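# Understanding the architecture of this molecule
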Amino acid sequence: MFIPEKLQDEMSEWRRDIHAHPELGFQEKRTSELVAARLESFGVEVHRGIGKTGVVGVLKSGTSGRSVGLRADMDALPIQEANTFGHRSRHDGVMHACGHDGHTAMLLGAAQHLARTRHFDGTVHLIFQPAEEGIGGAKAMVDDGLFRRFPCESLFGMHNRPGMALGRFAVRSGPMMAGGAFFDIAITGKGVHGARPEAGIDPVLVASHITTALQSIVSRNARPADTVVVSVTQIHAGDAYNVIPETAVLSGTVRCFSKESMKLVEDRMRLIAEGVAAGFGATASLDFRALFPPLVNHADETDFIADCAAEVVGPENVNRNGPLTMASEDFSIMLNNVPGAYIQIGNGDQPGGCEVHNPGYDFNDGALPYGASLFARLVERRLARMTAD
Ligand SMILES: [Zn+2]
Ligand SMILES: [Zn+2]
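Now for a quick tour of the structure. (Residues numbered from 1 in each chain as written. Chains lettered and ligands numbered in written order. Predicted model: local features only at pLDDT ≥ 70, side-chain atom pairs only at ≥ 80, totals over all residues. Heavy atoms only, no water.)

### Digging into the layout of surface pockets
We count it as follows: In this analysis, the protein atoms alone were mapped onto a 1 Å grid. Cavities are point sets where a 1.4 Å probe fits without being able to get out; pockets are open sets with protein on both sides within 12 Å along at least five of seven lines; lining residues have an atom within 4 Å of a point. Grid points are joined across faces, edges and corners, and a volume is the space filled by probe spheres set on the points. Secondary structure elements are defined from DSSP: runs of H or I of at least 4 residues count as helices, runs of E of at least 2 residues count as strands, and each element is numbered from the N terminus. Following the grouping adopted for this structure description, the nonpolar residues are Ala, Val, Leu, Ile, Met, Phe, Trp, Tyr, Cys and Pro, the charged ones are Asp, Glu, Lys and Arg, and the polar ones are all others, Gly among them.
When its volume is computed, the largest pocket comes out at roughly 520 Å³. In this structure, the largest pocket is lined by 23 residues; those nearest its centre are C98, M177, A327, S328 and H357. Secondary-structure elements contributing two or more residues to the lining of the largest pocket are β5 (155–161), β8 (179–188) and β13 (283–292). Its residues placed into classes, the lining of the largest pocket shows nine nonpolar, eight polar and six charged.

Structure below.
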């Protein structure tokens, strides 16, 4: 471990304080103020309001012009917490069910350690991002000039993984987490009495055929070696037993690992929706919204973060061929701007351990020293190594 024991207790305190006061995306006022105040108390230069409620800390040491970025997310989820422990959420209907309280505390811990020891030569940008949970915090920071104002030669982030043992890390080079899109297909037929189908155009039947036909995208259009999910998750139509409605709406989500796959799904979805609808004399229009690009780790930075993790926990505890996951993560937007890598950190594999986004979830304080050590080690090695080049 690269951080002192005393810091572990402090990180747990910060983590529990943040857990007890969760805030939704772009509403992280208390959280970002807590982060900013802590950073200032460590002697870190603080910039507030980057991407609305985002905070960036700038920590310099030595004379090198080189730089590295570390990122944590700060937002909570609209979930009613089921836990009863002392640090449970004080805010009704909001909880830290994804462990962003832990991510924030780990990065604060690394900041404090680096500010004290300054065993590096260059600039660290400590990026505390708002609104990771599907509402565009990474994009807001990038659009706000994050990497123009705080240039980073490389960038690193991490997420806890329930079910993986404490003191273990997993990473993989290339695509690691899926890109995600939401879609709506609006179908217009011709409303008519339920007993006189010959006089109308039934959008419910059209929606059913489109739903079935969409499943051919994965089985017949995507390359079998590529991983793609197309899920229709909502069908809305009609209000009465004896009325064939005028319109129907299909909605759902798409997950895949490349821009090409996402484009293929969008194109095929449009063709199928419009073509099937036309065959029935109806019309369909697709609204396809790609929300997150796939998260793609850069090869050199992946090797580097895995090497640093091996220094913290031993090579036997670092899985360099970690699993692909169909979940999405908007750190992918930052990685499209700056080379870097995202790693998973074990949240514990105890029986009854809880998945993220569940009302019984809690970040494991035991993971804090591993994460903070890795963040600190990344800086010390990256900026030391760069200077020696
Ligand atoms: Zn989440
Ligand atoms: Zn998360």
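On we go from here.
### Some details on the coordination of the zinc ion (ligand 1)
Selection rule: Each metal's donors are the N, O and S atoms found within 2.8 Å of it, except that Na, K and Ca use a 3.2 Å limit; water is left out, so coordination can look incomplete. A four-donor site is classed as tetrahedral when every donor-metal-donor angle falls between 85 and 135 degrees; four donors are called square planar, and six octahedral, when trans pairs exceed 155 degrees and all remaining angles lie between 65 and 115, with any other arrangement labelled irregular. Throughout this description, buried means an accessible area under 20% of the type-specific maximum (1.4 Å probe, protein chains only), exposed means over 50%, and partly exposed covers the range between.
Distances from the zinc ion (ligand 1) to its protein donors, C98 (SG), E133 (OE), E133 (OE) and H357 (NE2), fall at 2.0 to 2.7 Å. Here the zinc ion (ligand 1) binds four donor atoms, and the angle range of 53 to 152° at the metal identifies the geometry as irregular. Donor residues binding the zinc ion (ligand 1) come from one chain and are separated in sequence as C-x34-E-x223-H. Residue classification places H357 among the partly exposed positions, given a relative accessible area of 40%.

### Points about the packing of aromatic side chains
This is how the line gets drawn: Centres within 6.5 Å make a pair out of two Phe, Tyr or Trp rings, where for Trp the six-membered ring is used; the pair is then stacked when the planes are under 30 degrees apart, edge-to-face when over 60, and tilted otherwise. Criterion for a charge above a ring: Lys NZ or Arg CZ within 6 Å of the ring centre, and within 35 degrees of the ring normal.
Evaluation of the coordinates by the stated rule reveals three aromatic pairs. A centroid spacing of 5.7 Å and a plane angle of 40° characterise the contact between F156 and F304, whose relative ring orientation is tilted. Within this pair, whereas F156 is found in strand β5, its partner F304 is found in helix α8 (residues 299–313), the two being separated by 148 residues in sequence. An identical accessibility class is assigned to F156 and F304; each is buried. When the ring centre of F26 is taken as origin, the NZ or CZ atom of K52, which lies over that ring, is 4.4 Å away.

### Side note on the coordination of the zinc ion (ligand 2)
By definition of the ideal shapes, four donors in a tetrahedron about a metal sit 109.5 degrees apart, and six donors in an octahedron sit 90 or 180 degrees apart. Every protein donor of the zinc ion (ligand 2) is accounted for by C98 (SG), H100 (NE2) and H159 (NE2), and the metal-donor separations fall at 2.1 to 2.3 Å. Spacing between the donor residues of the zinc ion (ligand 2) along the chain follows C-x1-H-x58-H. Here the zinc ion (ligand 2) and the zinc ion (ligand 1) are spaced 3.2 Å apart, linked through C98, which binds each one. Note that H100 is positioned in helix α3 (residues 100–117) and H159 in strand β5, a separation of 59 residues in sequence.

### Re the state of the cysteines
For clarity, the threshold we go by: Criterion for a disulfide: a pair of cysteine sulfur atoms at a distance within 2.5 Å.
This model, assessed by the stated rule, comprises zero disulfides. Free cysteine C354: the closest other cysteine sulfur is in C98, separated by 12 Å.

### Quick notes on α3
Formally: Take the residue count of a helix, subtract one, and multiply by 1.5 Å to get its expected span.
Across its 18 residues, α3 extends 26 Å between first and last C-alpha, which sits within 8% of the 26 Å expected from 1.5 Å per residue. Along α3, 16 of the 18 residues are buried, which leaves the element largely enclosed by surrounding structure. Positioned one or two residues after α3, R118 has a phi angle of 50°, which is positive.

### Re the side chain of T211
In plain terms, the rule: Side-chain atoms alone can form a polar contact between residues adjacent in sequence; in general such a contact is a pair of N or O atoms within 3.5 Å, and within protein one must be able to donate a hydrogen while the other accepts it. By definition, residues are in contact when any of their heavy atoms lie within 4.5 Å.
Within the secondary structure, T211 is located in helix α6 (residues 203–221). Only 2.7 Å separates the side chain of T211 from the backbone oxygen of A207, close enough to count as a polar contact. Apart from residues lying up to four places away in sequence, T211 is in contact with V232, I235 and L250.

### Let's talk about the packing of helix α2 (residues 29–41) against α3
Note the threshold: For every element, the axis is a line fit to its C-alpha atoms; helices are fit only across the contacting stretch, and the angle between N-to-C directions ranges from 0 to 180 degrees. Should an angle lie under 35 degrees it is considered roughly parallel, over 145 roughly antiparallel, and from 65 to 115 roughly perpendicular; all remaining angles are considered oblique. Crossing handedness follows the turn of the near helix against the far one: under a right angle anticlockwise gives a left-handed crossing, and clockwise gives a right-handed one.
Across the interface, α2 lies against α3 with an axial gap of 10 Å and an inter-helix angle of 15°. Regarding the angle of α2 to α3, the classification is roughly parallel. Here the hand of the crossing between α2 and α3 comes out right-handed. Residues L34, V35, R38 and L39 of α2 form the contact with α3, whose own contacting residues are T104, L108 and A111. Residue composition of the contact of α2 with α3, grouped by class: five nonpolar, one polar and one charged.

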